[in-house]
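Summary of the model geometry
Each chain is listed here by its residues.
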Amino acid sequence: MYASLPKLNYSFFDLEPHIDTKTMQIHYEKHHGTYVTKLNELMDRYSELSNKELSFLLKNINSLKMEENDKVILRNHGGGHINHSLFFSIMGPKKAVNKSLEERIINKFGSVANFKEEFSSTALNKFGSGWAFLVDSNGELKIYATSNQDSPYMNGDTPLIGLDVWEHAYYLKYQNLRADYIKAWFNVLNII
Ligand code: MN3
């Protein structure tokens, strides 16, 4: 099996009241679970690529020896797996601050508050389903949004913080109020 659902370091209810238990459970077991299943089904047919890291496959997606419609599966489900693995790993009920990342953020954006403002605005203004990311782009920090499950690795960048703004990430609790979800999410983002 190429990929597996990474174990969470916390329980589904641990992010209450900011992220509700039901959303966490469905998001992790059903949504992330499906990305893993579909990615594995794909990679079963490309065993010659199964010794490569997923980040490598996404970065080199255009030059892979793979059918075009299978590249779409890799982009959507491989992207889905790698994006959600990051998303679930940077949240938690207790702070576990990454000091070096925080220092880089302050150097780049002036303060953590400034970073949050710019990141929130990017997440809020992403039209439709997608993600807001903080990435390392050749040593420089950048914030941008991607559509669907597109991964920053496809741009040659390394994602450091990712916020899922698909409606499945917040609709049960926040309905159409994406801004409220984004604001609440910073309470459970635990690495800064
Ligand atoms: Mn999601």
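Heads up: these notes are all about the structure in this document. (Residues numbered from 1 in each chain as written. Predicted model: local features only at pLDDT ≥ 70, side-chain atom pairs only at ≥ 80, totals over all residues. Heavy atoms only, no water.)

Below, the discussion takes up the overall build of the protein. The helix and strand tally for the protein stands at seven helices and three strands. When the helices and strands of the protein are read in sequence order from the N terminus, they spell out α-α-α-α-α-β-β-β-α-α. When the backbone C-alpha atoms are referred to their principal axes, the protein occupies close to 45 × 35 × 30 Å. Sorting the 192 residues of the protein into buried and exposed places 48% on the buried side. Long-range pairs, those at least 24 residues apart, make up 67% of the contacts in the protein with a sequence separation of at least 6. Approximately 9800 Å² of the protein is accessible, and the part contributed by carbon and sulfur atoms is 49%. A distance of 2 Å separates the average location of the 21 positive side-chain charges in the protein from that of its 22 negative side-chain charges. (Helix = DSSP H or I, 4+ residues; strand = E, 2+ residues; numbered from the N terminus. Buried < 20%, exposed > 50% of the residue type's maximum accessible area, 1.4 Å probe, protein only. Contact = heavy atoms within 4.5 Å. Areas by Shrake-Rupley, 256 points an atom, 1.4 Å probe, with all protein chains shown as cover. Lys, Arg positive; Asp, Glu negative; His and termini not counted. Charge placed at Lys NZ, Arg CZ, Asp CG, Glu CD.)

So, about the nonpolar core. One finds Phe119, Leu134, Ile161, Tyr181 and Trp185 to be the most contacted residues of the largest nonpolar core, which totals 42 residues. Among the elements of the structure, helix H1 (21-44), helix H3 (68-89), helix H4 (99-109), helix H5 (112-125), strand E1 (130-137), strand E2 (140-147), strand E3 (158-164) and helix H7 (178-185) are those that each provide at least two residues to this core. Broken down by element, this core gets its largest block of residues, five residues, from E1. Ignoring any residue separated from it by four or fewer positions in sequence, one finds Phe119 in contact with Ala132, Phe133, Leu134, Ile143, Ile161, Leu163, Trp185 and Phe186. (Core = buried A, V, L, I, M, F, W, Y, C linked by side-chain atoms within 4.5 Å.)

Once that is clear, we can look at the environment of Ala96. Topologically, Ala96 is positioned in the loop between H3 and H4. Taking the C-alpha atoms as reference points, Ala96 and Asp14, separated by 82 residues in sequence, lie 15 Å from one another.

Moving on, we get to the coordination of the manganese ion. Every protein donor of the manganese ion is accounted for by His27 (NE2), His84 (NE2), Asp164 (OD) and His168 (NE2), and the metal-donor separations fall at 1.9 to 2.1 Å. Summarised as a motif, the one-chain spacing of the donors to the manganese ion is H-x56-H-x79-D-x3-H. Here His168 lies in the loop between E3 and helix H6 (171-174) and His84 lies in helix H3, a separation of 84 residues in the sequence. (Donors = N, O, S within 2.8 Å, 3.2 Å for Na, K, Ca; no water.)

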